[in-house]
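Spelled out, the chains give:
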Amino acid sequence: MSKTDVSKKALLSVNDLCMYFDSAGRRIKAAEHVSFEINEGEVFGLVGESGSGKSSIGKCIIGLNRATSGSISFHGTELTGIKSRREYTEKMRDIQMIFQDPMSSLNPKKQVGQIIRDALKIQHIGKDAKERDKMAADAFRRVGIPVEYADRYPRSFSGGQRQRIGIARALAGKPKLVIADECIAALDASVQAQIVNMINEIKKETGTAFLFISHDLSMVRFLSDRIGVLHLGYLLETGTAEEIFREPMHPYTRKLLGAIPRCQCRILLRAANHSVRLSATTLR
Amino acid sequence: MDGKDDSRNILEVKDLRITFKMTTGDVKAIRGLNFSLAKNEVLALVGESGCGKSVGVKAIAGILPDNAVIESGEILYKDGDETVDLLKFRPSVRKKIFAGKKIAMIFQDPMTSLNPVMTIGAQLMTAARSHAKMSRKEAWAKCTELLQEVGITDPARTMEQYPHQLSGGMRQRVVIAIALSGDPDILICDEPTTALDVTIQQKILDLLQSIQRAKGLSIIFITHNLGVVAKLADRVGVMYAGKIIEYGTVFDIFFEPRHPYTWGLLSAVPEITELTDDQNTLYSIPGTPPNLAKEITGDAFAPRNPYAMEIDFKAEPPMFRISNTHYAATWLADPRAPKTEMPAELAERIKRLKQEEADYVKN
Amino acid sequence: MLSGWIEMSQISRAQVLHVKEMEYIQAARTIGAGNRHIIFGEILPNIMGKMITQIMISIPAAVFLEAFLSFVGLGMPPGSCSLGTLLSEGFKSVLLHPYQLIPSAVLMILLIVGSHLVANGLKKATE
């Protein structure tokens, strides 16, 4: 896993981002003065429990949520405060998103090839239909879905395959940054491993940066170069993956790491002792 | 099935086969399930979606959907001194005697397990009074006691609240309280912490562990999280395509796994303690679980098994006895099979864990 | 006629609200799709199934309502040819010529049951 190369340029810069919204008469502070950077070609893991604001921040960056204050700049361009849809489409062309629920992230009435071609068309990527076809086919190949399946509907695919199609949709236009919002949470362990391996390969081959939002600490640690820990809207700690896991500084980070059930010997020995006690009591 | 003294077992599932009748054909969801649960023991059932773990325990709890047909098998439950086959009872009779009382179940999503329009108190009292005759006052006292047992600090207040006013962790505690209201012998937990945050999950698991030890409950715990298995379980059954393919104590499964699918599962989880890795890929089992609507010849895992031999495609492996406590259904365990070692990375990881433990014990 | 559209609009509104929460709509937004594309390209195809079923169900309701009103004399004038008036005329002479009731009754039953069957079939097909 590559460690941070300090000479890399900052691709995405979030500064003092605050996001508040009103719900049921109360003010909810989803993000409080959050600042971090993502460098080109690196995977930044944003980790936190539910309610930490990690999804809200991801949606802020992609424009689904409106930031209350602060700035998000991508490649030097300021993303907050964009008013016109045309300006938005232009500036956001290099940032894409992968969603969490494979069952609802693809339009069930569209063929999967169509979904990708439409996505390209709306963003005015690709000169003509032929080029878009080719880009869609390339994207399918990269995620391991046979191109012949492009005219099938989402319901013919399994959860893991649908998630791959979602990733293909995000990668088709060759973006510089992909935001993965809990994209493996809904999948089985072995499928998670497949997807995570794929993301690693893609990162190496294309140099795409990823913002990997997840509550699964083990996967975040495995995939990320750098990690940020969120709690109740505050970004408590950032560092390289090793730094965070080897020497967590913030008490909350330590608590989070300590809470992960692990396959550790002493737990097993405890269990083994318990079983030994059981068999001892039944000797009649 | 075990070399152990069978009279210790409170539940025995023997050769259970369940088929779902769907409009598109029959799906053989359970294809010969065998396991036993001893008193005062936690059995973990692990496996991925579609392996049948939920279906198996629903058969025990008696809540299978209408289109499920139990083709054969027995579920033997030791009720006091006599042993009964749960499947021989008519559903209505079964509900009256067993459901909630002797065999209780908790589910994954606490929000949908609780009735959103009834207060917690109303739901708890209904449960308590359905198990034993008692006055409202007695029921109230019992329910408050139950809530305290599950770690809710202000039971009186919680009784008046509605489910949506509680956090996910508290809701799951209430669900556990309802399950315990009938004083069951067996508690079945179907992924109860999967939907919860890691820190809350730890608390709920600690709670379940302390309740289990205090009451000597037998628990069947379904999960796909191996870390949870390590923490909670005494014995583990690894399920694949409707059968248990490896079965043993926690030690057997984590330190001496013999089935290639178990190797795959253990390798697919990135270990937090691995800090010296230059490992860039997680070992992932290629392919997807088999379609249970079709006939399966040979080992169901064979198409995805990098260690498959010719015989795996022809005949289904029986459960081979590896030790008194450890069984695996793979042809690799046959004495005639070529000696096959587990993948190198997994062996390394296990060695590292053992070393860590040796260091820990020293200090 | 004046208030019949309300039921339909309530159903379509509920459907749209349900579909709106789906992630593929969010996905369309993130790539900058405009409202027009989202409504007609993404949401509409997904609610069409339920809308058509609803239309099919409302046909027998309309048939029945008209027949009922005409039967009690509140609907079409007696001379015109509607199921209700036919039934009404037939009912008047039920004691003398009961058969006059039968054709219109059978037709009405066939219409209503047929529409329901088609609606059910459509519902299964679009799900």
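Parameters at a glance
Residues numbered from 1 in each chain as written. Chains lettered and ligands numbered in written order. Predicted model: local features only at pLDDT ≥ 70, side-chain atom pairs only at ≥ 80, totals over all residues. Heavy atoms only, no water. Contact = heavy atoms within 4.5 Å. Buried area = accessible area lost by both parts, 1.4 Å probe. Salt bridge = Lys/Arg side-chain N within 4 Å of Asp/Glu carboxyl O. Helix = DSSP H or I, 4+ residues; strand = E, 2+ residues; numbered from the N terminus. Nonpolar A, V, L, I, M, F, W, Y, C, P; charged D, E, K, R; others polar. Phe/Tyr/Trp six-rings, centres within 6.5 Å; stacked < 30°, edge-to-face > 60°. Buried < 20%, exposed > 50% of the residue type's maximum accessible area, 1.4 Å probe, protein only. Lys NZ or Arg CZ within 6 Å of the ring centre and 35° of its normal.

This part takes up the interface of chain A and chain C. In this assembly, 22 residues from chain A lie in contact with 17 residues from chain C. When chain A packs against chain C, close to 1700 Å² is buried across both sides, 59% of that on carbon and sulfur atoms. A salt bridge links A:Lys110 to C:Glu42; the nearest nitrogen and oxygen atoms lie 3.0 Å apart. Elements supplying a minimum of two residues to the side of chain A that touches chain C: helix H1 (54–62), helix H2 (85–91), strand E6 (95–98) and helix H3 (112–122) of chain A. Tallied by class, residues from the side of chain A that touches chain C come to nine nonpolar, seven polar and six charged.

Time to look at the packing of aromatic side chains. Each aromatic ring pair is specified by the distance between its two centres and by the angle formed by the two planes. Across all of its chains, the model carries eight aromatic pairs over all chains by this definition. With a centroid separation of 5.1 Å and 80° between ring planes, the pair formed by B:Tyr240 and B:Phe301 is classed as edge-to-face. Taken together, the residues B:Tyr240 in strand E9 (residues 235–240) and B:Phe301 in the loop between helix H11 (260–267) and strand E11 (320–321) connect sequence positions 61 residues apart. Just as B:Tyr240 is buried, B:Phe301 falls in that class too. When the ring centre of A:Tyr149 is taken as reference, the NZ or CZ atom of A:Arg152 above it lies at 3.9 Å. Above the ring of A:Phe245, the side-chain terminus of A:Arg221 is found at 6.0 Å from the ring centroid.

Turning to unusual backbone geometry, a few remarks are in order. All names here are of chain A. Unusually for a residue other than glycine, Asp16 sits at a positive phi of about 50°. Counting through the fold element by element, Asp16 comes out in strand E1 (residues 10–23). For Leu232, which is not glycine, the phi torsion reads 50° and is therefore positive. Mapped onto the elements, Leu232 comes out in the loop between strand E9 (226–231) and strand E10 (234–240).

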